[in-house]
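Single-letter residue listing:
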Amino acid sequence: MDISADQPIFVISVAAELADMHPQTLRQYDRLGIVKPSRAPGKSRRYSQRDVNMLREVQRLSHEGVSLEGIKRILELENQVAALQSRISELTEELGRRPRAVDSRIFAAGAAGDVVSLARGQRPRPRSQAMVVWRPRAIGQ
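Everything quoted here is computed from the prediction, not taken from an experiment.

Q: Any details on the nonpolar core? Residues and values, ideally.
A: Ranked by size, the top nonpolar core spans 17 residues in total, and within it L26, I34, Y47, L55 and V58 carry the most contacts. Of all the secondary-structure elements, those providing two or more residues to this core are α1 (12-19), α2 (23-32), α3 (49-63) and α4 (68-97). Those residues within four positions of L26 in sequence are excluded, and the remaining contacts are I12, A15, A16, M21, Y47 and L55.

Q: Go over a nonpolar patch on the surface with me, naming the residues and quoting the values.
A: On the surface, V11, V14 and L18 cluster together into a nonpolar patch covering about 190 Å² of accessible area. Position of V14 among the secondary structure elements: in helix α1. The class of V14 is partly exposed, set by a relative accessible area of 36%.

Q: For unusual backbone geometry, give the residues involved together with the corresponding values.
A: Within the chain, D20 stands out as a residue other than glycine whose phi angle is a positive 60°. Within the chain, K43 stands out as a residue other than glycine whose phi angle is a positive 70°. Classification of K43 as exposed rests on a relative accessible area of 67%.

Parameters and conventions
- Residues numbered from 1 in each chain as written.
- Predicted model: local features only at pLDDT ≥ 70, side-chain atom pairs only at ≥ 80, totals over all residues.
- Heavy atoms only, no water.
- Core = buried A, V, L, I, M, F, W, Y, C linked by side-chain atoms within 4.5 Å.
- Buried < 20%, exposed > 50% of the residue type's maximum accessible area, 1.4 Å probe, protein only.
- Helix = DSSP H or I, 4+ residues; strand = E, 2+ residues; numbered from the N terminus.
- Contact = heavy atoms within 4.5 Å.
- Patch = residues over 30% accessible without salt bridge, like charges linked within 9 Å, V, L, I, M, F, W, Y side chains within 5 Å.
- Areas by Shrake-Rupley, 256 points an atom, 1.4 Å probe, with all protein chains shown as cover.
- Salt bridge = Lys/Arg side-chain N within 4 Å of Asp/Glu carboxyl O.

See the structure below:
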(Lines give C-alpha, C1' and ligand atoms only; values in the text may rest on other atoms or scores of the structure.)
Protein backbone atom coordinates (compact mmCIF):
# COMPACT_ATOMS: atom_id res chain seq x y z
CA MET A 1 0.00 0.00 0.00
CA ASP A 2 1.49 3.30 -1.14
CA ILE A 3 0.56 6.39 0.89
CA SER A 4 0.77 9.77 -0.81
CA ALA A 5 2.63 12.63 0.89
CA ASP A 6 -0.54 14.68 0.43
CA GLN A 7 -2.89 12.20 2.10
CA PRO A 8 -4.25 13.71 5.35
CA ILE A 9 -3.73 10.95 7.89
CA PHE A 10 -2.35 12.53 11.08
CA VAL A 11 -4.53 14.00 13.82
CA ILE A 12 -3.25 17.20 15.40
CA SER A 13 -1.58 15.49 18.38
CA VAL A 14 0.42 13.14 16.14
CA ALA A 15 1.35 15.91 13.69
CA ALA A 16 2.48 18.11 16.60
CA GLU A 17 4.66 15.31 17.94
CA LEU A 18 6.16 14.60 14.51
CA ALA A 19 6.91 18.31 14.04
CA ASP A 20 8.18 18.64 17.64
CA MET A 21 5.63 21.37 18.41
CA HIS A 22 2.74 21.93 20.79
CA PRO A 23 -0.74 21.27 19.29
CA GLN A 24 -1.75 24.84 20.16
CA THR A 25 1.05 26.09 17.89
CA LEU A 26 -0.43 24.09 15.01
CA ARG A 27 -3.86 25.61 15.69
CA GLN A 28 -2.30 29.08 15.64
CA TYR A 29 -0.57 28.37 12.32
CA ASP A 30 -3.87 27.16 10.91
CA ARG A 31 -5.66 30.35 12.05
CA LEU A 32 -2.92 32.49 10.49
CA GLY A 33 -3.06 30.51 7.25
CA ILE A 34 0.58 29.41 7.45
CA VAL A 35 -0.12 25.65 7.37
CA LYS A 36 -3.66 24.72 6.39
CA PRO A 37 -4.52 21.07 7.16
CA SER A 38 -7.45 19.21 5.66
CA ARG A 39 -10.62 18.82 7.65
CA ALA A 40 -12.25 15.50 8.48
CA PRO A 41 -16.07 15.23 8.34
CA GLY A 42 -16.29 16.16 12.06
CA LYS A 43 -14.21 19.30 11.30
CA SER A 44 -11.14 17.91 13.06
CA ARG A 45 -7.80 18.73 11.49
CA ARG A 46 -5.95 16.08 9.49
CA TYR A 47 -2.32 16.65 8.55
CA SER A 48 -0.40 15.06 5.68
CA GLN A 49 3.29 14.26 5.61
CA ARG A 50 3.74 17.35 3.42
CA ASP A 51 2.04 19.44 6.14
CA VAL A 52 4.38 18.01 8.78
CA ASN A 53 7.40 18.81 6.59
CA MET A 54 6.07 22.34 6.15
CA LEU A 55 5.65 22.69 9.94
CA ARG A 56 9.29 21.70 10.36
CA GLU A 57 10.28 24.33 7.79
CA VAL A 58 8.20 26.95 9.63
CA GLN A 59 9.95 26.03 12.86
CA ARG A 60 13.38 26.26 11.21
CA LEU A 61 12.62 29.70 9.76
CA SER A 62 11.19 30.87 13.08
CA HIS A 63 14.37 29.80 14.90
CA GLU A 64 16.37 31.82 12.35
CA GLY A 65 14.41 34.93 13.38
CA VAL A 66 11.92 35.23 10.51
CA SER A 67 8.56 36.65 11.60
CA LEU A 68 5.36 34.68 11.07
CA GLU A 69 4.26 37.12 8.33
CA GLY A 70 7.65 36.64 6.68
CA ILE A 71 7.33 32.87 6.93
CA LYS A 72 3.85 33.01 5.40
CA ARG A 73 5.16 35.08 2.48
CA ILE A 74 8.13 32.75 1.96
CA LEU A 75 5.84 29.72 1.82
CA GLU A 76 3.48 31.48 -0.62
CA LEU A 77 6.40 32.34 -2.90
CA GLU A 78 7.76 28.78 -2.73
CA ASN A 79 4.32 27.46 -3.72
CA GLN A 80 4.18 29.94 -6.58
CA VAL A 81 7.63 28.89 -7.81
CA ALA A 82 6.62 25.21 -7.67
CA ALA A 83 3.45 25.92 -9.66
CA LEU A 84 5.41 27.89 -12.27
CA GLN A 85 8.01 25.13 -12.58
CA SER A 86 5.22 22.61 -13.09
CA ARG A 87 3.70 24.81 -15.81
CA ILE A 88 7.07 25.17 -17.53
CA SER A 89 7.38 21.37 -17.59
CA GLU A 90 3.89 21.03 -19.07
CA LEU A 91 4.61 23.59 -21.78
CA THR A 92 8.00 22.03 -22.58
CA GLU A 93 6.33 18.63 -23.01
CA GLU A 94 3.67 20.17 -25.22
CA LEU A 95 6.30 21.81 -27.41
CA GLY A 96 8.10 18.47 -27.68
CA ARG A 97 4.93 16.83 -28.99
CA ARG A 98 4.33 19.43 -31.70
CA PRO A 99 5.69 18.72 -35.17
CA ARG A 100 8.43 21.07 -36.24
CA ALA A 101 7.87 22.97 -39.45
CA VAL A 102 10.72 22.78 -41.93
CA ASP A 103 9.95 26.23 -43.29
CA SER A 104 9.44 28.41 -40.27
CA ARG A 105 7.25 31.35 -41.00
CA ILE A 106 8.46 34.83 -40.28
CA PHE A 107 6.22 37.82 -39.84
CA ALA A 108 6.93 41.48 -40.61
CA ALA A 109 5.03 44.74 -40.83
CA GLY A 110 3.69 45.44 -44.31
CA ALA A 111 3.65 48.83 -46.05
CA ALA A 112 0.15 49.58 -44.76
CA GLY A 113 1.09 48.57 -41.23
CA ASP A 114 -0.48 45.14 -41.57
CA VAL A 115 1.20 41.86 -40.64
CA VAL A 116 2.61 39.89 -43.58
CA SER A 117 3.97 36.36 -43.62
CA LEU A 118 7.36 35.84 -45.26
CA ALA A 119 9.41 32.81 -46.17
CA ARG A 120 12.77 32.39 -44.49
CA GLY A 121 15.35 34.64 -46.13
CA GLN A 122 12.75 36.88 -47.80
CA ARG A 123 12.53 40.58 -47.01
CA PRO A 124 9.40 42.73 -47.15
CA ARG A 125 9.04 44.88 -50.27
CA PRO A 126 9.86 48.54 -49.81
CA ARG A 127 7.04 51.05 -49.83
CA SER A 128 6.01 51.94 -53.36
CA GLN A 129 4.67 55.30 -52.32
CA ALA A 130 6.96 58.31 -52.42
CA MET A 131 8.01 59.63 -49.08
CA VAL A 132 6.46 63.00 -48.32
CA VAL A 133 8.75 65.43 -46.56
CA TRP A 134 7.20 68.36 -44.80
CA ARG A 135 9.25 71.48 -44.36
CA PRO A 136 7.90 74.50 -42.49
CA ARG A 137 7.93 77.79 -44.39
CA ALA A 138 9.39 80.91 -43.00
CA ILE A 139 6.89 83.59 -41.96
CA GLY A 140 5.91 85.84 -44.83
CA GLN A 141 6.60 83.41 -47.68
